[in-house]
Protein chains: 2
Amino acid sequence: MKQILSHKIVFVGAGNLATNLANALHHVGFEITQVYSRTVASASLLAKNLSTSFTTEISKLNPDADLYIISLKDDALVEHIAEIVANNPDAMFVHTAGSVSIDLFKSSTATRYGVFYPMQTFNKSRLVDFKNIPFFIESSNEQDLTLLRQIASLLSEKVYDATSVQRKSLHLAAVFTCNFSNHMYALAEKLLQKYDLPFEVMLPLIDETASKVHQISPKEAQTGPAIRRDENVINNHLEMLKDEESLHDIYKFLSNSIKEL
Amino acid sequence: MKQILSHKIVFVGAGNLATNLANALHHVGFEITQVYSRTVASASLLAKNLSTSFTTEISKLNPDADLYIISLKDDALVEHIAEIVANNPDAMFVHTAGSVSIDLFKSSTATRYGVFYPMQTFNKSRLVDFKNIPFFIESSNEQDLTLLRQIASLLSEKVYDATSVQRKSLHLAAVFTCNFSNHMYALAEKLLQKYDLPFEVMLPLIDETASKVHQISPKEAQTGPAIRRDENVINNHLEMLKDEESLHDIYKFLSNSIKEL
């Protein structure tokens, strides 16, 4: 265990995921020797949290770390991977993206590489506990797979091997589960603002909707006018939304989708 | 308090909401003297839970109860209200529907009436704790409003007066918050089944998505490819969904809606 913690880590990226992951790794005892971000604001903020240095130039990445964790937007990842690796080609490199294949590293000179994907929704302003967050890992070789498994296990009780194809499927499902659900909350918030009602009143409903699917499947858990085929209510709601084109269309579209499923 | 508990209640309806509400009222000490449902199966099941009798005929509703709680589908509510009230026109009548105006009762001979709307998602198979569930109440007169407020306060700490217009807005927002979010879970479940992956792996993500909006607004909390404008990932996901017309269109539609908001 002590041996694993001796790995020096550089974080390439300082966004929501990087901020949460870097803090968690720092917390269990890893030394984060440097943070890179395109902007001084992001780089310096995360570096300060981790009591470490930062850079905004890829060419100035520390060349003596053991592990480089790359958390960039997917297009930046593709663009910069070769340049990142070139700083220290014999080290271990991982990215944290759900949708990007491990084969990305073949466009670089890296010989030891992998994927280290914690499936969660991260915000800088809210540092989460990693204990229950599933990690999906993948590596170019068995030895580094073990290393990644050990690192992930220091943070979480749920560490799984997953191929790039499986991870991509998980990420797609996560967009529906998390990003689109949250957008439904955001649309409700917008509606409530219009009616001068506080969003807080929705919280017990949000909590119960989330809790329920621990016990029964989402399909069984479905309630509301669409699943009851309560056309009176549906038409009433569509009438209320007639001045909000986008909300009107989403309501209609999703109600039909519920009926279909 | 003792005086309130002496009110004898008849439940007209034995669906998800009625089952949860009747059980909660029974639990705090009310006598539910009868349950009505169109079908013997539903009526007898709820009546058995409450140790009471049931009927499947509206004309055989007990004529001597103090309060009739009507939880029917909206169209059935409109159709049967006059007939329900006719059994005991001097009693107090409430419905529990988010979308139906209190004025519905004007089509009956009821003189004391109101609305008793607990805003939550209910399933028969999962009896919920009412303590944090907001109740929105309304009545034709001040005295019965007090009565409804007292009854609701025996179950919940959150009892609010709301007009029919406000309640309708809340119900519409709740469809987005709850029914459409749950549908996102259901679509994710369908995708994961296709890829032979278990839905359970999504639960930490669902929980965090719900928890997060207790602390930051849904708009701030939004993550994912659409809000990052990560077109690589979006196009990749759309390509993965090309054989699932409905999912493909929902993905595209909601991603655009996230970008717009």
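Predicted, not measured: the structure shown is a model, and the values here were computed from it. (Residues numbered from 1 in each chain as written. Chains lettered and ligands numbered in written order. Predicted model: local features only at pLDDT ≥ 70, side-chain atom pairs only at ≥ 80, totals over all residues. Heavy atoms only, no water.)

Quick notes on the overall build of chain A
- In terms of regular secondary structure, chain A is built from 11 helices and eight strands.
- C-alpha extents for chain A along the principal axes are approximately 65 × 35 × 35 Å.
- Counting all 261 residues of chain A, 59% fall into the buried class.
- A separation threshold of at least 6 residues defines the contact pool for chain A, and within that pool the share at least 24 residues apart is 55%.
- Looking at chain A as shown, the accessible area adds up to about 10700 Å², and 48% of this sits on carbon and sulfur atoms.
- Averaging the coordinates of the 24 positive side-chain charges in chain A and doing the same for the 30 negative ones gives two points 1 Å apart. (Helix = DSSP H or I, 4+ residues; strand = E, 2+ residues; numbered from the N terminus. Buried < 20%, exposed > 50% of the residue type's maximum accessible area, 1.4 Å probe, protein only. Contact = heavy atoms within 4.5 Å. Areas by Shrake-Rupley, 256 points an atom, 1.4 Å probe, with all protein chains shown as cover. Lys, Arg positive; Asp, Glu negative; His and termini not counted. Charge placed at Lys NZ, Arg CZ, Asp CG, Glu CD.)

Remarks on helix α4 (residues 74-86) of chain B
- For α4(B), which comprises 13 residues, the first-to-last C-alpha distance of 19 Å matches the rise-based estimate of 18 Å (1.5 Å per residue) to within 8%.
- In the structure, α4(B) departs most strongly from a straight axis at B:His80, where the bend amounts to approximately 55 degrees.
- Looking only at α4(B), the buried set comprises B:Asp74, B:Leu77, B:His80, B:Ile81, B:Ile84 and B:Val85.
- In this structure, the buried side of α4(B) is in contact with α10 (231-240) of chain A together with β1 (8-12), β4 (67-70) and β5 (92-95) of chain B. (Expected span 1.5 Å × (residues − 1). Bend = angle between axes of the 7 residues up to and from the residue.)

Comments concerning the side chain of B:Ser181
- With respect to the secondary-structure elements, B:Ser181 resides in helix α6 (residues 164-194).
- We classify B:Ser181 as buried; its relative accessible area is 0%.
- Residue contacts for B:Ser181: discarding those within four places in its chain leaves A:Ser181, A:Met184, A:Tyr185 and B:Phe176.

Observations regarding unusual backbone geometry
- Phi is positive for A:Asp196, which is not a glycine, with a value near 65 degrees.
- Here A:Asp196 lies in the loop between α6 (164-194) and α7 (203-212).
- Classification of A:Asp196 as exposed rests on a relative accessible area of 71%.
- Positive phi, normally seen in glycine, also occurs at B:Arg229, with a value near 55 degrees.
- Given the relative accessible area of 44%, B:Arg229 is considered partly exposed.

Thoughts on the confidence of the model for chain A
- Per-residue pLDDT for chain A averages 96, and the proportion of residues at 70 or more is 99%.
- In the model output, the complex is listed with pTM 0.91 alongside ipTM 0.92. (pLDDT = per-residue confidence, 0-100.)

Thoughts on the sheet that holds strand β2 (residues 31-36) of chain A
Residue and element names in this part refer to chain A.
- Reading across the sheet, the eight strands line up as β3-β2-β1-β4-β5-β6-β7-β8 and stay open at both edges, with mixed pairing between neighbours. Each edge of the sheet is formed by a strand with only one pairing partner; in this case those strands are β3 (53-55) and β8 (159-161). Going across the sheet, the axis of each strand differs from the next one's by a mean of 25 degrees, ignoring polarity.
- Helix-sheet contacts for helix α5 (residues 142-155) involve β4 (67-70), β5 (92-95), β6 (112-118), β7 (135-139) and β8, and the interaxial angle to β7 is about 160 degrees. (Pairing = 2+ DSSP bridges. Axes fitted to C-alpha atoms, helices over the stretch in contact; angles between N-to-C directions.)

Some remarks on the relation of the copies chain A and chain B
- Superposing chain A onto chain B takes a rotation of 180 degrees plus a shift of 0.0 Å along the axis, which leaves an RMSD of 0.0 Å. Such a combination of turn and shift is consistent with a two-fold rotation axis. For chain A, the minimum C-alpha distance to the rotation axis belongs to A:Ser181 and amounts to 2.3 Å.
- Take the interface residues of chain A: 100% of them recur as interface residues in chain B, which is what a same-surface contact looks like. (Least-squares fit on C-alpha atoms with pLDDT ≥ 70 in both.)

Considerations on the sheet that holds strand β8 (residues 159-161) of chain B
Residues and elements named next belong to chain B.
- As summarised here, the arrangement of the eight strands in space is β3-β2-β1-β4-β5-β6-β7-β8, forming an open sheet in which the pairing is mixed. Strands with a single pairing partner mark the edges of an open sheet, and in this sheet they are β3 (53-55) and β8. Across the sheet, the axes of successive neighbouring strands diverge by a mean angle of 25 degrees, strand direction being ignored.
- Of the strand pairs in this sheet, β1 and strand β2 (residues 31-36) are connected by five bridges, and their pairing is parallel. When the sheet's bridge partners are listed, Ile 9 is paired in β2 with Ile 32.
- Most of the contacts of helix α2 (residues 16-28) go to β1, to which it runs at about 165 degrees, and overall it touches β1, β2, β4, β6 (112-118) and β7 (135-139).

Some points on the interface of chain A and chain B
- Across the contact, 93 residues belong to chain A and 93 residues belong to chain B.
- For the chain A and chain B pair, buried surface summed over both sides reaches about 8800 Å², with 67% attributable to carbon and sulfur atoms.
- At the junction of chain A and chain B, the tally comes to two salt bridges.
- Joining chain A to chain B, the criterion identifies 38 residue pairs in polar contact (both at pLDDT 80 or more).
- When residues of the side of chain A that touches chain B are traced back to their parent elements, those giving at least two are α4 (74-86), α6, α7, α8 (218-221), α9 (225-228), α10 and α11 (245-260) of chain A.
- Sorting elements by how many residues they give to the side of chain A that touches chain B places α6(A) first, with 26 residues.
- Among the residues forming the side of chain A that touches chain B, the class breakdown is 46 nonpolar, 29 polar and 18 charged. (Buried area = accessible area lost by both parts, 1.4 Å probe. Salt bridge = Lys/Arg side-chain N within 4 Å of Asp/Glu carboxyl O. Polar contact = N/O pair within 3.5 Å; in protein donor to acceptor, adjacent residues only side chain to side chain. Nonpolar A, V, L, I, M, F, W, Y, C, P; charged D, E, K, R; others polar.)

Regarding the packing of α6(A) against α11(A)
Residues and elements named next belong to chain A.
- Between α6 and α11, the shortest axis-to-axis distance is 12 Å and the interhelical angle comes to 135 degrees. Here α6 lies oblique to α11, going by the angle between them. Classified by chirality, the crossing of α11 by α6 is left-handed. In this structure, α6 uses Met 184, Leu 187 and Leu 191 to contact α11, whose residues at the interface are Leu 247, Ile 250 and Leu 254. (Parallel < 35°, antiparallel > 145°, perpendicular 65-115°, else oblique. Left-handed = near helix turned anticlockwise from the far one by under 90°.)

Topic: the pairing of β5(B)
All names here are of chain B.
- Burial of the side chains of β5 extends over both faces: Met 92 and Val 94 are buried on one face and Phe 93 and His 95 on the other.
- Summarising the sheet, β4 and β5 pair through four bridges and their orientation is parallel. Each residue of the ladder has a partner; that of Ile 69, found in β5, is Val 94.
- Remark: the β4/α4/β5 crossover connection has right-handed handedness. (Right-handed = clockwise from strand over helix to strand, strands pointing away.)

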